[in-house]
Structure formats: C-alpha cells, structure tokens
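This is what each chain is made of:
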Number of protein chains: 2
Amino acid sequence: MPKIGLIRVLTTSDTGLLETHGRLMMERFPSLQVTSRCIPDHPSGVHDEKTERTAAPLVAALAVEFEKEGYDAVIVSCAGDPGVDQARRAVSIPVIGAGRACAAVAMGLGRSVGSLGITPDIPLAMSAVLGDALAAYVQPPGVHTTLDLMTPAGAAALDAAARDLKTRGVDVVALACTGMSTIGAARRIAEVTGVMVVDPVMAEALLTFEAVQLACRPV
Amino acid sequence: MPKIGLIRVLTTSDTGLLETHGRLMMERFPSLQVTSRCIPDHPSGVHDEKTERTAAPLVAALAVEFEKEGYDAVIVSCAGDPGVDQARRAVSIPVIGAGRACAAVAMGLGRSVGSLGITPDIPLAMSAVLGDALAAYVQPPGVHTTLDLMTPAGAAALDAAARDLKTRGVDVVALACTGMSTIGAARRIAEVTGVMVVDPVMAEALLTFEAVQLACRPV
C-alpha cells in the first residue's frame, strides 16, 4: 500500500484540521495511505510572497523527512505550490503540488479553462501550466478566506462568480485554493456552470495515484 | 459502473486488436466498463493531415452514437486527438483525448517534459498543452511504426532516444503514440531515464476516471 506524505503549509495542532485533505484523498483512493504533517511557524498559512519564501525550505525539509521514513510520494497540499520545486530537488520520490495538479487535470479535461479562487491573482503555479488556455480568473467580491465563502453573502458571491465564468464559455473550471475543496465549492460551482469543476485536493490525489504507479516501476 | 466508449481511429475487424487499449484501462481501473469501437474507412489509421481530417467527423459520429446509448464518457484513443474538438462540440458527456491527457498528466508530474514518439513531430494536441515545458521531442532513428520498436534495431534506437532525453535533464517523459502503450515502451524508457514515463493509454484512463466522477455530479 503506497505511503503518501501530505504537507500542509498551515501550522496547526488541530489534528482534525491537519488531516482534512488526507481524509478526502483516502475516501476517493482507498489504496493510498496518507499521513499529514504541517510546517512550523506559519499559523496563518502561506498567503503572500514573504510567507511563500519562508515556507519553501520548511516544505523541502518535511519532504526529506518523509523520504527518509520510506514514503513513496509527497504532496504539497496548497494551490500556490510553495516549496514544490525545492522539495523536488531535495528528494528522489515524486513530489506533487496541488496547484500544478489542478491546472494539469483541467488541461486534460477541457480547452478553455476558468479559474476561481480567494486571492486577487491566480497562483503562478497554476497560470504557468494553463498558459493561453486560461480564459478567466475570478475572485468572488468580498471573499478573502474560505470562511467568507460559508456566509450567505459569500455563497451568493460564489454563485455570481460561477455565472460570470459560464458567460465566458469556459468548458472546465479549476479551483485555485485547497480550502475550497473542503466546503463543497466544486459541487456548487458545477451546478451553476454545468461544466466539470476540478478540485485541487482531488487533482493532487489523482496525480499521486498515478505517480506512485509510475515510480514503483523498477528503475 | 461508469460506461466508457473508447474510439479507435484504426479500422479493424480484429477484436483483440480493437480492444487492446480498453483492456489495459480496465486492468488499471476495474471500476470502468470500457467498450471499444473503431471508425470506418481508415485501415492504416490516422497518420497525416488528410487522414486526420477525414477521421474527425467519423470520430464525432461515434461519440454521438455512444452518448445516445447512455455512455458516461468517450475516449479518443490516439495521441493526435483526431476529432476530439468536433466530438466535444457534438456531445455533452466528457470527451478525453489521449494526446491532451498524456501531456496534461506529464505537466502535473514534472516541470521539464521530454517526449518520444514515432512521427517526425510531436502531435499538436500535445505540444499545445506542453508549451514551453516541452524540453525535447525525439523520434528514434529508423522507427516509424510501433512494429519497428519491436525489432532489435528499433529497441536499440529507443534506448538511445531515452538516453538522449536523459542528458537533456527532463524530469518526466510523455509518450506520443498509443501504440507504445501496448509494447511496454514506458517501462523500458523509465529504466533508462530513471524518470516517470507517462503512457497515453494510462493517462486517458486516469483522466476518464476523474471525468466520470466530476460529470456524475448532478448538474
């Protein structure tokens, strides 16, 4: 049974919160055994250039720790992919970033990709993969955290943003924040737009499922 | 159990040959039920602009037929993605092309992608997704069909091409022909390069597995 190390870039001692993404992954792929750990010193997560920079070496260090303990692959479960490149240089097992994974799966499913997130700009990790296929990125007005999405005003703003993407004719939507995975945002947006909505936690799970298969080959 | 319609662009009455890709998919994803059909009038497959053009409407017609019969998704099992756009316009169920799928999975797994195929150029369906991430495309010298790969000279040329990609520092390889899926090329190339090798039939299976999940949501 492949052992997957999942890295959260939000420092927390709340085990339930820490393991949210891993639980979603294992529900979908029961053959994966996911262990979640978080980086230190980032109680408000990674949300700007400074926190992204300070997080990167801590992510790479956790990846090294997982590899030393015999894990088969590492996931960086944040759509900004903080530290993914550093981690890939530091270990020889596959390293999957939520941002690249989500964008990549959307590219495979459609041709004109819309994205929806809670930051002013789409993460570079995603726009780098999407290139010209990115038709539109929308941040619902007034929504800055996933908690905002759970208020009536936030939910209405999410619906409006989804309708906005629909009018632009996108044929697939890529969510740009893993926090949206846990609150059912993908389903809601799929209902409004009528197109497939790729969720970053499900996308990282899918690519990890493939990566451990490929990496398990005797090389 | 999701019903998947798989379209071969090689006209054949040999059921074993027709069902090769579908069998590989079902071995990997036993939850998918794959039915294979081929387009008419293309006994030598799709191998140039003319055959690509004549194949497209036939692919779309088969997609419509699968949709009418209640299938949940359609695969065009050729790395050139002939007729994928036409089929997507013709049906409302997901349509997955081997080329885009293979390129997309590679983008999720690595940053610098090498590709290896049996045509002078990488299919447009793949290069469009890979963009600047495509570090190199190699056609093994003297190899023009998958049969060539199975001769001692072809196998040696394949190994040399894989070593060539390795020297270019790619961190993932995307195979550019579904015919390479059936002859174990991915494994051989992985052994030589030491990096993950994405196989188009496995990639189309992976994205179809995700697509039917997303499309099964009530929209």
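Quantities reported herein were computed from a predicted structural model and do not represent experimental measurements.

Caption draft 1: Main features of the pattern of salt bridges. All names here are of chain A. Using the criterion set out here, one finds 14 salt bridges over all chains in the structure. Salt-bridge contacts for Asp-159 lead to Arg-188; the nearest nitrogen and oxygen are separated by 2.8 Å. You can see Asp-159 sitting in helix 8 (residues 152-167) and its partner Arg-188 sitting in helix 9 (residues 185-193), a full 29 residues away along the chain. Taking the relative accessible area as the measure of exposure, Asp-159 reaches 15% and is therefore buried. Residue classification places Arg-188 among the partly exposed residues on the basis of a relative accessible area of 35%.

Caption draft 2: Inspection of the packing of helix 8 of chain A against helix 9 of chain A at higher detail. Residues and elements named next belong to chain A. It is at 9 Å that the axes of helix 8 and helix 9 come closest, and there the two elements cross at 50 degrees. Our classification of the angle between helix 8 and helix 9 gives oblique. Where helix 8 crosses over helix 9, the handedness of that crossing is right-handed. Contacts between helix 8 and helix 9 involve Ala-155, Leu-158, Asp-159, Ala-162, Arg-163 and Lys-166 from the former and Ala-185, Arg-188, Ile-189, Val-192 and Thr-193 from the latter. Looking at side-chain class alone, the contact of helix 8 with helix 9 contains 6 nonpolar, 1 polar and 4 charged residues.

Caption draft 3: The arrangement of the relation of the copies chain B and chain A in detail. Least-squares fitting of chain B to chain A yields an RMSD of 0.0 Å, with the superposition described by an axial translation of 0.0 Å and a rotation of 180 degrees. Expressed as a symmetry operation, the mapping of one chain copy onto the other fits a two-fold axis. No C-alpha of chain B approaches the rotation axis more nearly than that of Ala104(B), which lies at 2.4 Å. Both copies contact each other with a shared surface, as 100% of the interface residues of chain B are interface residues in chain A too.

Caption draft 4: Main features of the packing of helix 5 (residues 98-109) of chain B against helix 10 (residues 200-215) of chain B. Residue and element names in this part refer to chain B. Between helix 5 and helix 10, the least distance of the axes is 8 Å, while the angle of their chain directions is 85 degrees. Classified by the angle between their axes, helix 5 and helix 10 sit roughly perpendicular to one another. Contacts between helix 5 and helix 10 involve Ala-98, Ala-101, Cys-102, Ala-104 and Val-105 on the former and, on the latter, Pro-200, Ala-203, Glu-204, Leu-206 and Leu-207. Here the contact of helix 5 with helix 10 is composed, by residue class, of 9 nonpolar, no polar and 1 charged.

Caption draft 5: View of unusual backbone geometry. Although it is not a glycine, Asp41(A) adopts a positive phi angle of roughly 65 degrees. Counting through the fold element by element, Asp41(A) comes out in the loop between strand 2 (33-38) and helix 3 (49-68).

Caption draft 6: Fine view of the side chain of His21(B). Residue and element names in this part refer to chain B. Locating His-21 in the fold gives a position in helix 2 (residues 20-28). Residue classification places His-21 among the buried positions, given a relative accessible area of 2%. Once residues lying within four places of it in the same chain are set aside, the contact partners of His-21 are Leu-6, Arg-8, Ser-77, Thr-178, Thr-182, Val-201 and Glu-204.

Caption draft 7: Layout of the interface of chain B and chain A. Across the boundary between the two partners, chain B contributes 35 residues, which contact 35 residues of chain A. If you look at where chain B meets chain A, you find 4 salt bridges. For Glu210(A), the salt bridge identified is with Arg28(B), shortest N-O distance 2.8 Å. Taken together, chain B and chain A are joined by 14 residue pairs in polar contact (both at pLDDT 80 or more). Elements that contribute at least two residues to the side of chain B that touches chain A include exactly helix 4 (84-90), helix 5, helix 9 (185-193), strand 8 (196-198) and helix 10 of chain B. Top contributing element to the side of chain B that touches chain A by residue count: helix 10 of chain B, with 9 residues.

Caption draft 8: Focus on the domain arrangement of chain A. All names here are of chain A. Partitioning chain A into structural domains gives domain 1 (3-98 + 202-216) and domain 2 (99-200). In this structure, domain 1 and domain 2 have C-alpha centres spaced 21 Å apart. Facing the 17 residues of domain 1 at the interface are 17 residues of domain 2. A combined buried area of about 1100 Å² lies between domain 1 and domain 2, and 64% of that area is made up of carbon and sulfur atoms. When the buried surface of domain 1 facing domain 2 is broken down by residue, Ala-79, Ala-98 and Ala-203 rank first, second and third, together holding 38% of it. Where domain 1 packs against domain 2, one counts 0 salt bridges. For the side of domain 1 that touches domain 2, the elements supplying multiple residues, two or more each, are helix 2 (20-28), strand 4 (95-97) and helix 10 (200-215). Per-element tally for the side of domain 1 that touches domain 2: the top contributor is helix 10, with 5 residues. Residue composition of the side of domain 1 that touches domain 2, by class: 9 nonpolar, 5 polar and 3 charged.

What counts and how
- Residues numbered from 1 in each chain as written.
- Chains lettered and ligands numbered in written order.
- Predicted model: local features only at pLDDT ≥ 70, side-chain atom pairs only at ≥ 80, totals over all residues.
- Heavy atoms only, no water.
- Salt bridge = Lys/Arg side-chain N within 4 Å of Asp/Glu carboxyl O.
- Helix = DSSP H or I, 4+ residues; strand = E, 2+ residues; numbered from the N terminus.
- Buried < 20%, exposed > 50% of the residue type's maximum accessible area, 1.4 Å probe, protein only.
- Axes fitted to C-alpha atoms, helices over the stretch in contact; angles between N-to-C directions.
- Parallel < 35°, antiparallel > 145°, perpendicular 65-115°, else oblique.
- Left-handed = near helix turned anticlockwise from the far one by under 90°.
- Contact = heavy atoms within 4.5 Å.
- Nonpolar A, V, L, I, M, F, W, Y, C, P; charged D, E, K, R; others polar.
- Least-squares fit on C-alpha atoms with pLDDT ≥ 70 in both.
- Polar contact = N/O pair within 3.5 Å; in protein donor to acceptor, adjacent residues only side chain to side chain.
- Domains from an automatic or database assignment.
- Buried area = accessible area lost by both parts, 1.4 Å probe.

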